[in-house]
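Below are the chains, spelled out letter by letter.
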Amino acid sequence: KAAGELADRVSKAVGSPAANIWTSTFHAFGLELLRKHHLRFNLSQDPPLVDGSRAIDMLEDVLPALPIVHHQNLFEPAIALREILKAIYRAKDELVDWQTYTALAEEMVRRADPADGIAVIAAAKAKEVALVYRHYQEHLQGNKQVDYGDLIMLPALRLRDDPEFRAQLQAQLRWIHVDEYQDINRASAVLIKGLAGDGQRLWVVGDAR
């Protein structure tokens, strides 16, 4: 909806040249990239998008079989899952995959002072999130599904690591303009860097405060 409103506003402002302007939100832009270049991402041409509710339904079947203690809520499993998914979505915003998250959680466990109960529990909870993150991501990949975090994370990582893909998109996009620049996260920043290269074709608008 937001992407459509943006396109309408651009069309009213510039008229017919708007047909040559790719206008979208970050998530809509990422989804379009996944669709257009689905073979590069090992996805279908229209990959199913898993929202928060579907993710909770999916994980509710898995959670009882996992060694989860600190995130367990037998009466309301969805409460614990919402907390876990919030951590996973945050990790994706920072371009942290489940392998990296697991390594970081294990490092937290190693560094936690046994005498510091808060640190020990925090490390244990991080390790539980890492375990769920792995099962969640393997399920998504196995079913060729994506969630909202993947819409930016997957293209950002591909642009960062795939010179051919990066060159193809940089040649396609003559100018890049980003609004509300102060609100972008790390994944969005890496995506923009991959598209804009040295930044000479990049214009941004943001709130200096």
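Residues numbered from 1 in each chain as written. Predicted model: local features only at pLDDT ≥ 70, side-chain atom pairs only at ≥ 80, totals over all residues. Heavy atoms only, no water.

1. Here we look at the overall build of the chain
Phase 1: Looking only at helices and strands, the chain has nine helices and four strands in total.
Phase 2: Reading the helices (α) and strands (β) of the chain from amino to carboxyl end gives α-α-β-α-α-α-α-β-α-α-β-α-β.
Phase 3: In terms of overall dimensions, the chain has a C-alpha envelope of 65 × 35 × 35 Å along the principal axes.
Phase 4: Here the chain holds 209 residues, and the buried ones make up 35% of them.
Phase 5: Summarising the internal contacts of the chain: among those between residues at least 6 apart in sequence, 69% fall at separations of at least 24.
Phase 6: Looking at the chain as shown, the accessible area adds up to about 12600 Å², and 53% of this sits on carbon and sulfur atoms.
Phase 7: A distance of 5 Å separates the average location of the 25 positive side-chain charges in the chain from that of its 29 negative side-chain charges. (Helix = DSSP H or I, 4+ residues; strand = E, 2+ residues; numbered from the N terminus. Buried < 20%, exposed > 50% of the residue type's maximum accessible area, 1.4 Å probe, protein only. Contact = heavy atoms within 4.5 Å. Areas by Shrake-Rupley, 256 points an atom, 1.4 Å probe, with all protein chains shown as cover. Lys, Arg positive; Asp, Glu negative; His and termini not counted. Charge placed at Lys NZ, Arg CZ, Asp CG, Glu CD.)

2. Considerations on the nonpolar core
Phase 1: Judged by nonpolar contacts, the single largest core of 49 residues is most densely connected at Ile88, Tyr136, Leu191 and Leu195.
Phase 2: Apart from the residues within four sequence positions on either side, Leu191 is in contact with Phe26, Phe29, Leu33, Ile152, Pro155, Ala156 and Leu159. (Core = buried A, V, L, I, M, F, W, Y, C linked by side-chain atoms within 4.5 Å.)

3. Observations regarding the pattern of salt bridges
Phase 1: For the structure on display, the rule yields 13 salt bridges.
Phase 2: Measuring nitrogen to oxygen at the nearest pair gives 3.0 Å for the salt bridge that ties Asp162 to Arg40. Of the two residues, Asp162 sits in the loop between helix H7 (148-161) and helix H8 (163-172) while Arg40 sits in the loop between helix H2 (26-36) and strand S1 (49-50), which places them 122 residues apart along the sequence.
Phase 3: One salt bridge in this structure joins Arg40 and Glu164, with 3.5 Å as the shortest N-O distance. (Salt bridge = Lys/Arg side-chain N within 4 Å of Asp/Glu carboxyl O.)

4. A word on the packing of aromatic side chains
Phase 1: All chains considered together, the criterion is met by three aromatic pairs.
Phase 2: Measuring from ring centre to ring centre gives 4.7 Å for Trp22 and Phe29, while their planes differ by 50°; the resulting arrangement is tilted.
Phase 3: Judged by its relative accessible area of 10%, Phe29 is buried.
Phase 4: Between Tyr101 and Tyr133 the ring centres are 5.9 Å apart and the planes differ by 75°, which places this aromatic pair in the edge-to-face class. Of this pair, Tyr101 sits in helix H5 (residues 98-111) while Tyr133 sits in helix H6 (residues 117-142), and the two are 32 residues apart along the sequence. For the pair Tyr101 and Tyr133, a shared accessibility class is recorded, and that class is buried.
Phase 5: The lysine or arginine in question, Lys36, covers the ring of Trp22, its NZ or CZ lying 4.5 Å from the ring centre. (Phe/Tyr/Trp six-rings, centres within 6.5 Å; stacked < 30°, edge-to-face > 60°. Lys NZ or Arg CZ within 6 Å of the ring centre and 35° of its normal.)

5. Considerations on the side chain of Arg201
Phase 1: Within the element layout of this structure, Arg201 appears in the loop between helix H9 (186-196) and strand S4 (202-204).
Phase 2: Despite its burial, Arg201 pairs with no opposite charge; the closest candidate is Asp198, at 5.5 Å N-O.

6. Re H7
Phase 1: Along its 14 residues, H7 runs 21 Å from first to last C-alpha, staying within 8% of the 20 Å computed at 1.5 Å per residue.
Phase 2: Residues of H7 that are buried include every one of Gly149, Asp150, Leu151, Ile152, Met153, Pro155, Ala156, Leu157 and Leu159, and no others.
Phase 3: With a side-chain oxygen lying 3.1 Å from the backbone nitrogen of Gly149, the N-terminal cap of H7 falls on Asp147. (Expected span 1.5 Å × (residues − 1). Polar contact = N/O pair within 3.5 Å; in protein donor to acceptor, adjacent residues only side chain to side chain.)

7. Comments concerning unusual backbone geometry
Phase 1: Of note, the phi angle at Lys144 is positive, near 55°, even though the residue is not glycine.
Phase 2: Among the structural elements, Lys144 can be located in the loop between H6 and strand S2 (146-147).
Phase 3: The class of Lys144 is partly exposed, set by a relative accessible area of 33%.
Phase 4: Unlike most non-glycine residues, Glu180 shows phi in positive territory, near 50°.
Phase 5: With respect to the helices, strands and loops of the structure, Glu180 is situated in the loop between strand S3 (176-178) and H9.

The values are spatial; any link to function lies outside them.
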